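The lines below spell out each chain.
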Amino acid sequence: MSIHQDLPDPALLKLMAAGDDQAMALFYDRYRREVYSLALHVLGDPGAAEEATLDVFMKVWKEAGSYRPERASVRTWLVTVARHQAIDLLRRRKARGDRNPAQWAEDFLEVLADPADDAETVVGDREIRRQVRAALAELPAAQREVLWLAYFRGCSHSEIASALGQPLGSVKSRIRSALLHLRERLPRR
Amino acid sequence: METETMERHHPTEALAALALGCLDTEEDAEVRAHVEGCATCRAELRALEETGALLAYAAPDAAPSEGLRARLLAGLPRRRSYAWFERLLERWPRLVPVTAVSAVALAAILGTASLVIPLRGGRTQELLATVQLVRLQATPRMPAASGVILVPPDESGGVLVVAALEELDRSLQYQLWLIENGRRTSGGTFSVAAGGAGRVVIASTRPLTDFDAFGITIEPFGGSPAPTGEKVLGGKLVL
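No experiment lies behind these values; they were computed from the predicted model shown.

> Let's hear about the overall build of chain A: which residues, and what values?
Along its length, chain A carries nine helices and zero strands. Counted from the first residue to the last, chain A has its helices and strands arranged as α-α-α-α-α-α-α-α-α. Considering chain A as a whole, with its 189 residues, one finds that 51% of them fall into the buried category. Partitioning the intrachain contacts of chain A with sequence separation of at least 6 by distance along the chain shows that 61% fall at a separation of at least 24. For chain A, the accessible area works out to roughly 8500 Å², and carbon and sulfur atoms hold 49% of it.

> Could you give an account of the environment of Arg32(A), naming the residues involved and the relevant values?
As for its placement among the helices and strands, Arg32(A) is situated in helix H2 (residues 21-43). Classification of Arg32(A) as buried rests on a relative accessible area of 18%. Between the C-alpha atom of Arg32(A) and that of Glu50(A), which follows or precedes it by 18 residues, the distance is 9.9 Å. Residues within four places of Arg32(A) in sequence aside, it is in contact with Phe57(A), Ala63(B) and Pro64(B).

> Pulling in residues and values, what's your account of helix H7 (residues 141-151) of chain A?
Counting buried residues along H7(A), eight of its eleven residues qualify, which places the element largely inside the surrounding structure. Among all positions of H7(A), only Gln143(A), Arg144(A), Val146(A), Leu147(A), Trp148(A), Leu149(A), Ala150(A) and Tyr151(A) are buried.

> Describe the interface of chain A and chain B, naming the residues involved and giving the relevant values.
Contacts between chain A and chain B engage 75 residues on the former and 56 residues on the latter. When chain A packs against chain B, close to 5800 Å² is buried across both sides, 59% of that on carbon and sulfur atoms. Applying the counting criterion to the chain A and chain B interface returns seven salt bridges. The partner of Lys172(A) in a salt bridge is Glu27(B), and the shortest N-O contact between them spans 2.6 Å. Inspection of the chain A/chain B interface yields 23 residue pairs in polar contact (both at pLDDT 80 or more). With 14 residues, H2(A) is the single largest residue contributor to the side of chain A that touches chain B. Considering only residue class, the side of chain A that touches chain B consists of 38 nonpolar, 13 polar and 24 charged.

> An account of the pattern of salt bridges is requested, with residue identities and associated values reported.
The tally for this structure, following the rule as stated, stands at 18 salt bridges over all chains. Close ionic contact of Glu34(A) with Arg75(A) constitutes a salt bridge, the shortest N to O distance being 2.6 Å. With Glu34(A) in helix H2 and Arg75(A) in helix H4 (residues 74-93), the pair connects residues that are 41 residues apart, well separated along the chain. On the basis of relative accessible area, Glu34(A) is assigned to the buried category, the value being 7%. Among the residues examined, Arg75(A) registers a relative accessible area of 9% and is labelled buried. The salt bridge partner of Arg71(B) is Glu51(A), with a shortest N-O separation of 3.3 Å. Residue Arg71(B) is located in helix H4 (residues 67-74), and its partner Glu51(A) is located in helix H3 (residues 46-63); the two belong to separate chains. Each of Glu180(B), Arg183(B), Arg206(B) and Asp210(B) takes part in one network of salt bridges that share partners.

> Run through the packing of helix H1 (residues 9-17) of chain A against H2(A), naming residues and quoting values.
Residues and elements named next belong to chain A. The geometry of H1 relative to H2 is characterised by a closest axis approach of 8 Å and an angle of 140° between their N-to-C directions. Taken together, the axes of H1 and H2 are oblique relative to one another. Here H1 and H2 pass one another in a crossing that is left-handed. Residues Asp9, Leu12, Leu13, Leu15 and Met16 of H1 form the contact with H2, whose participating residues are Ala23, Met24, Leu26, Phe27, Arg30 and Tyr31. Of the residues contributing to the contact of H1 with H2, the split by class is nine nonpolar, no polar and two charged.

> So what's going on with the layout of surface pockets? Residues and values would help.
By rolling a water-sized probe across the atoms, one finds the places where empty space is left. Its boundaries defined by the atoms lining it, the largest pocket holds a volume of some 950 Å³. For the largest pocket, the lining is made up of 30 residues, of which Arg71(A), Ala72(A), Arg32(B), Leu45(B) and Glu49(B) are closest to its centre. Among the secondary structure elements, those contributing two or more residues to the lining of the largest pocket are H3 and H4 of chain A together with helix H1 (12-19), helix H2 (25-36) and helix H3 (39-53) of chain B. Across the lining of the largest pocket, the residue classes break down as 13 nonpolar, six polar and eleven charged.

> If you had to explain unusual backbone geometry to someone new, which residues and values would you point to?
Glycine aside, residues mostly have negative phi, and peptide bonds are mostly found in the trans state. Residue and element names in this part refer to chain B. In this structure, Ala164 takes a positive phi of about 60° despite not being glycine. Look at Ala164 and you get partly exposed, because its relative accessible area is 23%. Even without a glycine there, the phi angle at Asn181 is positive, about 50°. Structurally, Asn181 is set in the loop between strand S4 (172-180) and strand S5 (183-190). With a relative accessible area of 72%, Asn181 lands in the exposed category.

Thresholds applied
Residues numbered from 1 in each chain as written. Chains lettered and ligands numbered in written order. Predicted model: local features only at pLDDT ≥ 70, side-chain atom pairs only at ≥ 80, totals over all residues. Heavy atoms only, no water. Helix = DSSP H or I, 4+ residues; strand = E, 2+ residues; numbered from the N terminus. Buried < 20%, exposed > 50% of the residue type's maximum accessible area, 1.4 Å probe, protein only. Contact = heavy atoms within 4.5 Å. Areas by Shrake-Rupley, 256 points an atom, 1.4 Å probe, with all protein chains shown as cover. Buried area = accessible area lost by both parts, 1.4 Å probe. Salt bridge = Lys/Arg side-chain N within 4 Å of Asp/Glu carboxyl O. Polar contact = N/O pair within 3.5 Å; in protein donor to acceptor, adjacent residues only side chain to side chain. Nonpolar A, V, L, I, M, F, W, Y, C, P; charged D, E, K, R; others polar. Axes fitted to C-alpha atoms, helices over the stretch in contact; angles between N-to-C directions. Parallel < 35°, antiparallel > 145°, perpendicular 65-115°, else oblique. Left-handed = near helix turned anticlockwise from the far one by under 90°. 1 Å grid on protein atoms, 1.4 Å probe; cavity = no way out; pocket = protein on both sides within 12 Å on 5 of 7 lines; lining within 4 Å. Points joined across faces, edges and corners; volume = space filled by probe spheres on them.

Structure follows, in structure tokens:
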């Protein structure tokens, strides 16, 4: 067992900034599933998702010293890096770029209906995953759709408006309503 | 000074889109500029970003292959903050490579005040003059062992260089202890190459100058929460 096992995330980042690869190994063990799952869901290709995951943790290693706790929790910072990395790769690969946005939204509904968690999913993660899916399932379909296109597809709000034939203002207000609903329903972490 | 007035317009709808990174470029810049100067919107944006990051949990859970961890750890680039140490080694031929330095040679180098004298350039001399050195003394357990801790000028950590330590059984490792008023904090574990030499970046969340002494013990592989094994090297930091 690592001597860093009980250290909180910000302390691990400090150690990583000082060059401690044991801290990096532990940080990877804590977040590998979350980063990889997100990348896989965005990219739809296990090989590409692994490359994105590797790039994310390399970036964390290089930028550990620049993390600012007053700006975001470590998890939010990491997930933001992971999402940008995956979406950038998605855009470069254009692997799924020809798909209809409406099809993506349908895929999302399938995911909500069939979470297909791995047997090894950490118990705490399983509960928050269940809560997130439940909160998303409560949203009106139109809000869920824009949220999906923005978050997992990396579409700008004008791209979403164009794809769905909706006014720009409606897209913005749906995104806000959806996030406020989630904020109300989900515990702070 | 930041001013908050009733008339001030807060871009509330755009903040949610900004939190998900889906504003178009021009509006993104405008809203970010507003957020920079508005504490209310900064707090709201942070809360929305924390909520938005929970969306990642909607992705079906999956695990990467076992080999990815090893690839990551093998590919980690050396810390930029230790570029000073790399420069030092490049300009100090007698320490390159460390594994080629005998215990006697290292002791000779470390044990004299001439450490900063036989250098090629003024820049290196200047660099070395700012690095604090802590010489570690051997104990009877390994009388030939020697070591030094180099504390960099920016106090961001340090580097431990050792020579003539015994190669340990695979179930054991050396562990560095950072000591402050008798309280010991782990500075990391390490093994040595054939010949007993090693160079280790010290893991510490605090400047090494906060500590008054350092010690190295033999511990179970992976380290211990507190020293349990025999001490092989130790030294005090004199400021």
